[in-house]
Amino acid sequence: MSQTDVDAVRTGDIPGARLRWWTELPLIILVYGAYSAGRLLARGDVSTAVDHGVSILRAEKAVRLNLENPLNRLFTREAWIGVPADFWYASLHYVVTPAVLIWMFRRRAHLYRAARTWLMTSTLIGLIGFTLLPTCPPRLLAHGYGFVDTMAQYSSYGWWGGAASAPKGMGGMTNQYAAMPSLHVGWALWCGVMLWRNGRTPYAKAAAVAYPLITTIVVMGTANHYFFDALAGAAVMGAGLLLTKPVMRVAARIRDRVGAVLAGGTSAAPSATRSSIVSGECQTSPGERIPRQRKGAPSHDTGDGAAAPAR
């Protein structure tokens with residue numbers, strides 16, 4: 001059995017359904033485009049979003065949590081912390097996640113499909129959260145709540161303006177009230193899990209812990225998310241992980257049905273891979289001989305029309 005077939009067995013796919021970058025890339029772009037478009041459409045009412053943000057703050061204070069204010073004051077006061085944090089928030093979310101996805105595709109192909117499905121499923125669940133619970137981030141609350149928009153404060157250092165991480169002049173193309181859940185934290189957690197489980201060096205293990213932890217601190221210090229947003233981002237990733245196998249099974253059924261339709265809906269001849277099965281435990285590829293098999297061994301007629309048994 002070839003390595004391709006081994007990988008296919010591990011992922012539960014038939015050997016013919018190999019991963020191809022030219023089919024994976026459009027799929028990822030399609031899902032991300034749908035997510036971005038849905039995120040924009042799920043703006044909700046501003047007053048409702050503000051109410052939700054204030055309610056989250058009150059809930060945190062009820063359990064004696066107040067991480068956002070001290071972190072935001074630190075980031076606002078110390079530019080050497082605030083500026084790198086803004087760059088971290090504005091860029092790594094869109095750089096590290098695709099990089100880890102590509103690394104999984106190239107180095108861990110037998111695990112890639114499940115990893116990609118987990119990420120996409122969780123992202124779509126997050127979109128449901130944005131739709132049902134539009135939330136005002138801390139930086140957009142009234143000044144009386146004590147938050148400063150560090151990205152607006154340090155906008156002269158980067159490409160962003162006063163609309164979160166959107167480039168200057170493009171603030172209208174983003175939904176600033178999609179704070180719950182925090183997919184910055186959710187995606188960072190996914191990257192951390194991938195690096196921890198599949199990285200083979202101490203540096204990979206360290207990055208697996210540091211990246212989601214620092215991202216959680218950054219989203220609060222820049223006043224883009226509440227601590228409960230970060231917890232919700234982790235919960236969304238947990239729900240996506242639980243749904244990964246069912247989603248993959250449904251996708252496999254759809255793929256099989258589409259393949260049957262494209263094949264004309266008839267039971268075509270078995271593929272070369274399946275027709276090459278010699279026994280339940282042995283496979284050969286087309287043209288391959290079983291070890292010690294004589295090539296073109298002549299048959300010996302016994303006189304009654306039947307071939308003599310092989311010696």
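Bear in mind the structure is a predicted one, so any value in this text is a computation, not a measurement.

The rules we used
Per chain, the residues get numbers from 1 upward, laid out in the order the sequence is written. Note on the predicted model: pLDDT of at least 70 is required for a residue's local features to be given, and 80 or more for side-chain atom pairs to be given and counted; whole-chain, interface and lining totals, by contrast, use all residues. Where side-chain values are given, they derive from all heavy atoms of the structure, hydrogens and water being excluded. Put simply, buried Ala, Val, Leu, Ile, Met, Phe, Trp, Tyr and Cys residues joined by side-chain atoms within 4.5 Å make one nonpolar core. Only protein chains enter the accessibility calculation, which uses a 1.4 Å probe. A residue is then buried if its area is under 20% of the maximum for its type, exposed if over 50%, and partly exposed in between. Runs of H or I in DSSP of at least four residues are treated as helices and runs of E of at least two as strands, each being numbered from the N terminus. We call two residues in contact when some of their heavy atoms are within 4.5 Å. We define a salt bridge as a side-chain nitrogen of Lys or Arg found within 4 Å of a carboxyl oxygen belonging to Asp or Glu. The convention used is that axes are lines fitted to C-alpha atoms, helices contributing only their stretch in contact, and that angles between N-to-C directions extend from 0 to 180 degrees. Comment on the angle field: the value is read as roughly parallel under 35 degrees, roughly antiparallel over 145, roughly perpendicular from 65 to 115, and oblique elsewhere. Note on convention: the crossing is left-handed when the near helix lies turned anticlockwise from the far helix by less than a right angle, right-handed when the turn is clockwise. Following the grouping adopted for this structure description, the nonpolar residues are Ala, Val, Leu, Ile, Met, Phe, Trp, Tyr, Cys and Pro, the charged ones are Asp, Glu, Lys and Arg, and the polar ones are all others, Gly among them. A pair of aromatic rings is counted whenever rings of Phe, Tyr or Trp (Trp by its six-membered ring) have centres within 6.5 Å, and the orientation is called stacked for planes under 30 degrees apart, edge-to-face for over 60 and tilted otherwise. Here, patches come from residues exposed beyond 30% relative accessible area and free of salt bridges, joined within 9 Å for like charges and within 5 Å for nonpolar side chains (Val, Leu, Ile, Met, Phe, Trp, Tyr). Here the Shrake-Rupley method, with its probe set to 1.4 Å, supplies the accessible areas, and only the displayed protein chains count as covering residues. Neither His nor the chain termini are counted; the positive set is Lys and Arg, and the negative set is Asp and Glu. To locate a charge, take NZ of a lysine, CZ of an arginine, CG of an aspartate or CD of a glutamate. pLDDT runs from 0 to 100 and stands for how confident the predictor is about each residue. The length a helix should cover is 1.5 Å for every residue beyond the first.

### Regarding the nonpolar core
- Val 100, Met 104, Trp 190 and Met 194 are the most contacted members of the largest nonpolar core, which totals 19 residues.
- Those elements that provide at least two residues to this core are α5 (79–107), α6 (109–132), α8 (183–198) and α10 (227–262).
- Once you skip the residues sitting within four places of it in the chain, Val 100 turns out to touch Trp 190, Cys 191 and Met 194.
- Membership of the second largest hydrophobic core comes to 14 residues, among which are Ala 85, Trp 160, Met 220 and Ala 230.

### Quick word on the pattern of salt bridges
- Summed over all chains, the structure comprises 2 salt bridges.
- Between Glu 78 and Arg 77 there is a salt bridge, with the nearest N and O atoms lying 3.6 Å from each other.

### As for the packing of α6 against α8
- Between α6 and α8, the shortest axis-to-axis distance is 10 Å and the interhelical angle comes to 165°. In terms of orientation, α6 and α8 fall into the roughly antiparallel class. By crossing handedness, the relation of α6 to α8 is classed as right-handed. Counted together, Leu 111, Ala 115, Trp 118, Leu 119, Thr 123, Gly 126 and Phe 130 of α6 and Leu 183, Trp 187, Trp 190, Val 193, Met 194 and Asn 198 of α8 form the full contact between these two elements.
- Residues that form the contact of α6 with α8 fall into these classes: 10 nonpolar, 3 polar and no charged.

### Some points on the packing of aromatic side chains
- Per the counting criterion, the structure on display carries 4 aromatic pairs.
- Ring geometry for Phe 105 and Tyr 112: centres 5.2 Å apart, planes at 85°, overall edge-to-face.
- What makes Phe 105 partly exposed here is its relative accessible area of 21%.
- Aromatic side chains Tyr 154 and Tyr 157 sit 6.0 Å apart centroid to centroid with 75° between the ring planes, which places their arrangement in the edge-to-face category.
- Classification of Tyr 154 by relative accessible area gives buried; the value is 5%.

### A closer look at the environment of Met 194
- Among the structural elements, Met 194 can be located in helix α8.
- Between the alpha carbons of Met 194 and Ala 115 there is a distance of 7.9 Å; along the sequence they are 79 residues apart.
- Apart from the residues within four sequence positions on either side, Met 194 is in contact with Val 100, Trp 103, Met 104, Ala 115, Trp 118 and Gly 199.

### Some details on the packing of α6 against α10
- Two elements in contact, α6 and α10, have axes whose closest approach is 8 Å; the angle formed by their N-to-C orientations is 125°. Relative to α10, the element α6 lies oblique. Read as a crossing pair, α6 and α10 show a hand that is right-handed. Seen from α6, the contacting residues are Arg 113, Ala 114, Thr 117, Trp 118, Thr 121, Ser 122, Ile 125 and Gly 126; seen from α10, they are Val 236, Met 237, Ala 239, Gly 240, Leu 241, Leu 243, Thr 244, Val 247 and Met 248.
- The class makeup of the residues in the contact of α6 with α10 is 10 nonpolar, 6 polar and 1 charged.

### Regarding a positive patch on the surface
- Taken together, Lys 245, Arg 249, Arg 253 and Arg 257 make up a surface patch of like positive charges.
- With respect to the element layout, Arg 257 can be found in helix α10.
- According to the relative accessible area criterion, Arg 257 is exposed, its value standing at 62%.

### Some words on a nonpolar patch on the surface
- A surface patch of nonpolar side chains, amounting to about 390 Å² of accessible area, comprises Val 250, Ile 254, Val 258 and Leu 262.
- Looking at the secondary structure, you find Val 250 in helix α10.
- By relative accessible area, Val 250 is classed as partly exposed at 43%.

### A closer look at the confidence of the model for the protein chain
- Residue-level pLDDT values for the protein chain average 78, and 67% of them are 70 or greater.
- The model gives residues 1–17 a pLDDT under 50, and that stretch makes 22 contacts with residues more than four places away or in other chains.
- pLDDT under 50 marks residues 266–282. Its contacts with residues more than four places away, or in other chains, come to 12 contacts.

### Comments concerning α8
- Taking 1.5 Å of rise per residue, the 16 residues of α8 would be expected to cover 22 Å, and the 22 Å separating its terminal C-alpha atoms lies within 8% of that figure.
- Most of α8 is tucked away: 12 of the 16 residues are buried.
- Along α8, the residues that are buried comprise Leu 183, His 184, Val 185, Gly 186, Trp 187, Ala 188, Trp 190, Cys 191, Gly 192, Met 194, Leu 195 and Asn 198.

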